[in-house]
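Chain by chain, the residues run as shown.
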Amino acid sequence: MRPDNRKNDELRLITVQRNFTGAAPGCVLISAGDTAVLCSASITEELPPWMKRNATPESTKGWLTAEYRMLPGSTSPRTSRSDKPDGRATEIQRLIGRSLRSVVNLEQLGQRTIYIDCDVLRADGGTRTLSITGAFIALKDAILSIQDKLPKPDESVILDSVAAVSAGIVNGVPILDLSYCEDVNAEVDMNIVMTGAGRFIEIQGTGEEATFSEEELQQLLTLGKKGISELFRIQQTQSNR
């Protein structure tokens, strides 16, 4: 039995609150059990310096980048505040950025930059995957706010949906959406990122002082696909409100 009495193939309770603050055009507070992440999507009408140097006046290509932080009160003991991300945060924010860019037509964005900020308010496992799932909802809201300013307003910037979830093997049993106490005891830990069309964006799978078989890999992927399918349903429900 899992600590929260979930079935092995069951997600934690997912809650989504859109427009959580009024400052950013896309701002979503998303929770999975006791993990909560504030995902914001902000837009600036200019390119990052490295991209601006090579852009021509006729170019319509924009950029999307992401930042990820765990706030000091999100963990016990306290997470130290820092102006620069540590190695873990850097790896996670790159994952978030890659995942969202894979479903965005940057050529249709115009010469502007979308900044995705994922701030962990409560950390109980799965912060990186929940950040991706919530950031996509925030991204859609942000794009909607500039729809009439796009180079071709009748064409979609967003090519597909994206969501992510964790899976792992704990005490020899494959399970979906690990909480922290499950994650630290997992023999195998995996993060899965997919598009709504069923294509994989990224799979991060690691044996924690253990190995796993091809059959176990397939079991984890099957769990991940089931969980992500449910997350897509939640994202779609939010978009229709």
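No experiment lies behind these values; they were computed from the predicted model shown.

Draft legend 1. Examining the overall build of the protein more closely. If you tally the helices and strands in the protein, you get five helices and nine strands. In sequence order, the protein lays out its α and β elements as β-β-β-α-β-α-β-α-β-β-α-β-β-α. In summary, the protein has a C-alpha radius of gyration of 18 Å against a globular reference of 18 Å for 241 residues, a match within 12%. Principal-axis analysis of the C-alpha atoms places the extent of the protein at approximately 60 × 40 × 35 Å.

Draft legend 2. Quick look at the sheet that holds strand E8 (residues 188–195). Pairing is antiparallel across the open sheet formed by four strands, whose spatial order is E7-E6-E8-E9. Both outer strands of the open sheet, strand E7 (173–176) and strand E9 (200–207), are each paired with one neighbouring strand and no more. Adjacent strand axes in the sheet meet at a mean angle of 15 degrees, parallel and antiparallel pairs treated alike. Across the sheet, helix H2 (residues 87–101) touches strand E6 (162–170), E8 and E9, and the angle it forms with E9 is around 150 degrees. Sitting on the sheet, helix H5 (residues 214–239) touches E6, E7, E8 and E9, and the angle it makes with E6 is about 145 degrees.

Draft legend 3. Focus on helix H3 (residues 127–145). For H3, spanning 19 residues, the distance from its first C-alpha to its last is 27 Å, which sits close to the expected 27 Å at 1.5 Å a residue. H3 sits mainly inside the fold: 16 of its 19 residues count as buried.

Draft legend 4. Focus on the packing of H3 against H5. With their axes 11 Å apart at the nearest point, H3 and H5 run at an angle of 25 degrees to one another. Judged on the interaxial angle alone, H5 and H3 are roughly parallel. Considering only the axes of H3 and H5, their crossing is right-handed. Across from Thr 133, Phe 136, Ile 137 and Lys 140 in H3, the residues of H5 making contact are Leu 231, Gln 235, Gln 238 and Ser 239. Each residue belonging to the contact of H3 with H5 can be placed in one class, and the counts come to three nonpolar, four polar and one charged.

Draft legend 5. Quick look at the nonpolar core. With 61 residues, the main nonpolar core has Ile 96, Leu 100, Ile 114, Ile 116 and Leu 139 as its most contacted residues. The dominant element in this core, judged by the number of residues it contributes, is H3, at nine residues.

Draft legend 6. Quick look at the sheet that holds strand E3 (residues 35–44). Across the sheet, five strands lie side by side as E1-E2-E3-E5-E4; this open sheet has mixed pairing. The open sheet terminates on both sides in strands that have one partner only, identified here as strand E1 (14–18) and strand E4 (63–70). Between one strand axis and the next, the sheet turns through 15 degrees on average, direction left out of account. Relative to strand E5 (residues 113–122), E4 runs parallel, the two sharing eight bridges. Its bridge partner being in E5, Ala 66 is matched across the sheet by Ile 116. Set on the sheet, H2 makes contact with E4 and E5; between it and E4 the angle comes to about 145 degrees.

Draft legend 7. Geometry of unusual backbone geometry. Cis peptide bonds are those with omega within 30 degrees of zero, and the linkage from Ser 76 to Pro 77 qualifies with 5 degrees. A positive phi angle, near 55 degrees, is found at Asn 171, a position not held by glycine. By secondary structure assignment, the location of Asn 171 is in the loop between E6 and E7. Among the residues examined, Asn 171 registers a relative accessible area of 68% and is labelled exposed. The phi torsion at Glu 209 lies on the positive side, around 60 degrees, for a residue other than glycine.

Draft legend 8. Main features of the pattern of salt bridges. Under the defined criterion, the tally for this structure stands at 12 salt bridges. Between Arg 6 and Glu 182 there is a salt bridge whose closest N-O contact spans 3.5 Å. Of the two residues, Arg 6 is situated in the segment before E1 and Glu 182 in helix H4 (residues 180–183); the sequence distance between them amounts to 176 residues. Summarising the burial analysis for this pair, Arg 6 and Glu 182 share the class buried. One salt bridge in this structure joins Lys 226 and Asp 9, with 3.9 Å as the shortest N-O distance.

Draft legend 9. Representation of empty space enclosed by the protein within the structure. Evaluation of the coordinates by the stated rule reveals one cavity of 30 Å³ or more. In this model, the largest cavity occupies a volume close to 80 Å³. As for the largest cavity, its lining consists of 14 residues, of which Ala 32, Thr 129, Leu 130, Ala 164 and Asp 177 are closest to the centre. Only H3 and E6 provide two or more residues apiece to the lining of the largest cavity.

Rules and cut-offs
Residues numbered from 1 in each chain as written. Predicted model: local features only at pLDDT ≥ 70, side-chain atom pairs only at ≥ 80, totals over all residues. Heavy atoms only, no water. Helix = DSSP H or I, 4+ residues; strand = E, 2+ residues; numbered from the N terminus. Rg over C-alpha atoms; globule rule 2.2 N^0.38 Å. Pairing = 2+ DSSP bridges. Axes fitted to C-alpha atoms, helices over the stretch in contact; angles between N-to-C directions. Contact = heavy atoms within 4.5 Å. Expected span 1.5 Å × (residues − 1). Buried < 20%, exposed > 50% of the residue type's maximum accessible area, 1.4 Å probe, protein only. Parallel < 35°, antiparallel > 145°, perpendicular 65-115°, else oblique. Left-handed = near helix turned anticlockwise from the far one by under 90°. Nonpolar A, V, L, I, M, F, W, Y, C, P; charged D, E, K, R; others polar. Core = buried A, V, L, I, M, F, W, Y, C linked by side-chain atoms within 4.5 Å. Salt bridge = Lys/Arg side-chain N within 4 Å of Asp/Glu carboxyl O. 1 Å grid on protein atoms, 1.4 Å probe; cavity = no way out; pocket = protein on both sides within 12 Å on 5 of 7 lines; lining within 4 Å. Points joined across faces, edges and corners; volume = space filled by probe spheres on them.

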